[in-house]
Amino acid sequence: MKKITAIFLAIMLLLTLFACTPSNQQENNNETPTPTSSETEDLTEGGKYMDYEGAGGESKYKLPSYNVSGETMRLLISAESTLRADKFYAIRDVYGCNYEAIVTTPNEESTKFLSMFMANESPNVWQSGFHPSLAYKGYIAAWDDYVDFSIGIWADVKSTLDAFKWKGHNYALGAGTASPIGIIWYNEALFEEMGVKTPKEYYDEGNWTWDTYKECIKAMTIDGDGDGMPEVYGVYMPNTTALSGTTGIDYVTMHDDGSVTSNILDQRVADAINFYTEISNSGYAYMSSDAPQQFAAGKIAMVYGGYWYKMYFPELIKNGDAKVISLPKYGDTSYQLTNYGNWSLPTNLSEKQIEVACAYVNSMRYDAIRASYEADETRAELEALSISEQMEELDNATLELQDLFNEMTDSKNYTPVAFISDAFGVTAFSGDMYFSPLMGEPWATIAERIEPQLIENISELLEEQ
């Protein structure tokens, strides 16, 4: 039965994998890499494409042909990243490549990449965070100079590709769509007990907004003895970065002309900071880091965090009480701040090494699609399991919860906003941005202080070598 887990969870694991000065573009080689593939009609000019088993009979899902059999795909990856090399089927089974993972640590990965680059020993692909300064300085190339994003396997991730473009090109690339940086967990049983409308009911009406969110927070805060220490807190708040994302912007914006501008003085950022400060200082918000445990104990009605928080409250999930909802809308459009973990393409690779890198990213995208087909094929088996068995198979999730999570994180249901502010040094101002407003300093004053410093940071990062 564990096979069901591997297959079904692949849709989540692969579709959320995180993941550039270009050299001369190469042409795809028309030879069939391995006998396990079958040639089909040309789908785009200049290359033959291959069916691959498991494509569910959908002719639009073809892999581009590359002559890379016997080559080694070298991936630089941090130790804390999700590494499932044993699950990367197409790069081995279709293209016939060997696979080598060069494992480093998150704190050392940039240094490791640069040292490999300078020694002319670059990996084919670096799986990392977004590094626009390295793209600006010519260390990593634009994928769209080499990968044909018009073919079917990339069609469903167009909105993500568009959101993460810089200078009109895709320096960021991943297997699936971008993933929101966080979600809201809520205890449905508590809402029903209090007779309060649930977030999902508001969401289904198209009315899950900052205002209705605030109403839920107030209504779900229980302070029976009026001592200012609620028995149940209404919320553990989203951070200001995530809230700013719901307005349609991050703290910085990348433009098609290559420039990067600060949004610190934008009214939408001010609204996000002030909303966070108002709720946090209202007595309705729980402010300690053990919020997942307190949510498990029924002491908080709504908690912002990751899907992995499910490890803290299996009983709530088993009982069907723990639900997830996306962050609320700021205006008429639903925006979500999203991560899109990157595959970076070094600029000093040979033509053959680039071809291997292209085979890899196409195969990873294909495997994500294949995983979704196989998940559909095993759904009936999952539905036949008891709740306890489902939780064992789905890593502390039920099929119902996983369906809800997929709905809330499906980019068809929101407009992705690229989360790139950390790459431009915004974290250096965390104290000012999060704590100073809570201590009473007006955001307008703080913003005026931060703005010139952030602009200087951006300029230094984008300074020519």
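Residues numbered from 1 in each chain as written. Predicted model: local features only at pLDDT ≥ 70, side-chain atom pairs only at ≥ 80, totals over all residues. Heavy atoms only, no water.

Asker: I'd love a proper account of the overall build of the chain, names of residues and values included.
Answerer: Within the chain, the secondary structure is distributed over 17 helices and 16 strands. When burial is assessed residue by residue, the chain has 54% of its 465 residues classed as buried. Carbon and sulfur atoms make up 46% of the accessible area of the chain, which amounts to about 19,400 Å² in all. (Helix = DSSP H or I, 4+ residues; strand = E, 2+ residues; numbered from the N terminus. Buried < 20%, exposed > 50% of the residue type's maximum accessible area, 1.4 Å probe, protein only. Areas by Shrake-Rupley, 256 points an atom, 1.4 Å probe, with all protein chains shown as cover.)

Asker: Give me the lowdown on the pairing of strand β9 (residues 183-187), citing residues and values where you can.
Answerer: In terms of burial, β9 is largely enclosed, as 5 of its 5 residues are buried. In β9, alternate side chains face the same way, and those of Ile183, Trp185 and Asn187 on one face and Ile184 and Tyr186 on the other are all buried. Examined bridge by bridge, β9 and strand β12 (residues 302-305) share 4 bridges and lie antiparallel to one another. Paired with Ile183 across the bridge in β12 is Gly305. (Pairing = 2+ DSSP bridges.)

Asker: Hey, could you go over the packing of helix α16 (residues 430-438) against helix α17 (residues 443-461) for me, with residue numbers and the actual values?
Answerer: Look at α16 against α17: their axes get within 10 Å of each other, and the N-to-C directions meet at 155°. The pairing of α16 with α17 is recorded here as roughly antiparallel in orientation. As for the relative orientation of α16 and α17, their crossing is right-handed in sense. Contact residues: Asp432, Met433, Ser436 and Pro437 in α16; Trp443, Ile446, Arg449 and Ile450 in α17. Each residue belonging to the contact of α16 with α17 can be placed in one class, and the counts come to 5 nonpolar, 1 polar and 2 charged. (Axes fitted to C-alpha atoms, helices over the stretch in contact; angles between N-to-C directions. Parallel < 35°, antiparallel > 145°, perpendicular 65-115°, else oblique. Left-handed = near helix turned anticlockwise from the far one by under 90°. Contact = heavy atoms within 4.5 Å. Nonpolar A, V, L, I, M, F, W, Y, C, P; charged D, E, K, R; others polar.)

Asker: An account of α16 is needed here, citing residue identities and associated values.
Answerer: Along α16, the residues classified as buried are Met433, Ser436, Pro437 and Leu438. Next to the buried residues of α16 lie α10 (267-280) and α17. Looking at the residues trailing α16, positive phi occurs at Gly440, about 105°.

Asker: Lay out the pattern of salt bridges in plain terms, naming residues and giving numbers.
Answerer: Applying the stated rule across the entire model yields 15 salt bridges. As a salt-bridge pair, Lys214 and Glu278 come within 3.1 Å of each other at their nearest N and O atoms. Note that Lys214 is positioned in helix α8 (residues 210-219) and Glu278 in helix α10, a separation of 64 residues in sequence. On the basis of relative accessibility, which here comes to 18%, the residue Lys214 falls in the buried class. Owing to a relative accessible area of 40%, Glu278 belongs among the partly exposed residues under this scheme. Between Lys323 and Glu400 there is a salt bridge, with its nearest N and O atoms 3.2 Å apart. Taken together, the residues span a long stretch of sequence, with Lys323 in strand β13 (residues 322-325) and Glu400 in helix α15 (residues 399-409) at a distance of 77 residues. (Salt bridge = Lys/Arg side-chain N within 4 Å of Asp/Glu carboxyl O.)

Asker: Please give an account of unusual backbone geometry that cites residues and values.
Answerer: The residue Lys167 is not glycine, and still its phi comes out positive at about 55°. Topologically, Lys167 is positioned in the loop between α5 (158-163) and β8 (179-180). Judged by relative accessible area, Lys167 falls into the partly exposed class, the value being 28%. In this structure, Asn396 is a non-glycine residue whose phi angle is positive, near 70°. Mapped onto the fold, Asn396 is located in the loop between α14 (387-393) and α15.

Asker: Outline the sheet that holds strand β5 (residues 98-104), listing residues and values.
Answerer: The strand order across the open sheet formed by 5 strands is β5-β4-β6-β15-β7, and the pairing between neighbours is mixed. Strands with a single pairing partner mark the edges of an open sheet, and in this sheet they are β5 and β7 (140-141). Across 3 bridges, strand β4 (residues 72-78) lies against strand β6 (residues 125-128) in parallel orientation. Bridged to Ile77 within β6 is Gln127.

Asker: Account for the nonpolar core, naming residues and giving values.
Answerer: The biggest cluster of nonpolar side chains holds 78 residues, and the ones touching the most others in it are Tyr95, Trp143, Leu173, Trp343, Tyr360 and Trp443. It is helix α13 (residues 351-383) that provides the largest number of residues to this core, a total of 10 residues. Those residues within four positions of Trp443 in sequence are excluded, and the remaining contacts are Ile264, Val269, Ala270, Ile273, Asn274, Met433, Pro437 and Ile450. Ala242, Tyr286, Ala301 and Leu438 belong to the second-largest nonpolar core, a separate cluster that totals 53 residues. (Core = buried A, V, L, I, M, F, W, Y, C linked by side-chain atoms within 4.5 Å.)

Asker: I'd love a proper account of the packing of α10 against α16, names of residues and values included.
Answerer: For the pair α10 and α16, interaxial distance at closest approach is 9 Å and the crossing angle is 45°. It follows that α10 is oblique to α16 by the angle criterion. Where α10 crosses over α16, the two elements pack in a sense that is right-handed. Between α10, through Ile273, Tyr276, Thr277 and Ser280, and α16, the contact on the second element is made entirely by Met433, Tyr434, Pro437 and Leu438. Of the residues that constitute the contact of α10 with α16, the class distribution is 6 nonpolar, 2 polar and no charged.

Asker: Provide a residue-level description of the pairing of β6, including the pertinent values.
Answerer: Side chains of β6 alternate between two faces, with Val125 and Gln127 and Trp126 and Ser128 buried alike. Strand direction decides the pairing type here: β6 and strand β15 (residues 342-346), joined by 3 bridges, are antiparallel. Paired with Gln127 across the bridge in β15 is Trp343.

Asker: Let's hear about the packing of aromatic side chains: which residues, and what values?
Answerer: All chains considered together, the criterion is met by 23 aromatic pairs. Judged by centre distance (6.5 Å) and plane angle (25°), the ring pair of Tyr202 and Trp208 falls under stacked. Members of the aromatic cluster, connected to one another through ring pairs, are Tyr202, Trp208, Trp210, Tyr213, Phe275 and Tyr330. (Phe/Tyr/Trp six-rings, centres within 6.5 Å; stacked < 30°, edge-to-face > 60°.)

Asker: Now, about the sheet that holds β12: what can you tell me, with residues and values included?
Answerer: Strand pairing in a sheet is mediated by backbone hydrogen bonds. Such pairs are either parallel or antiparallel. With antiparallel pairing, 3 strands are arranged side by side in an open sheet as β12-β9-β13. The open sheet has two edge strands with one neighbour each: β12 and β13. Averaged over all pairs of adjacent strands, the angle between strand axes in this sheet comes to 30°, irrespective of strand direction. Packed onto the sheet, α15 meets β9 and β13 and runs at close to 15° relative to β13.

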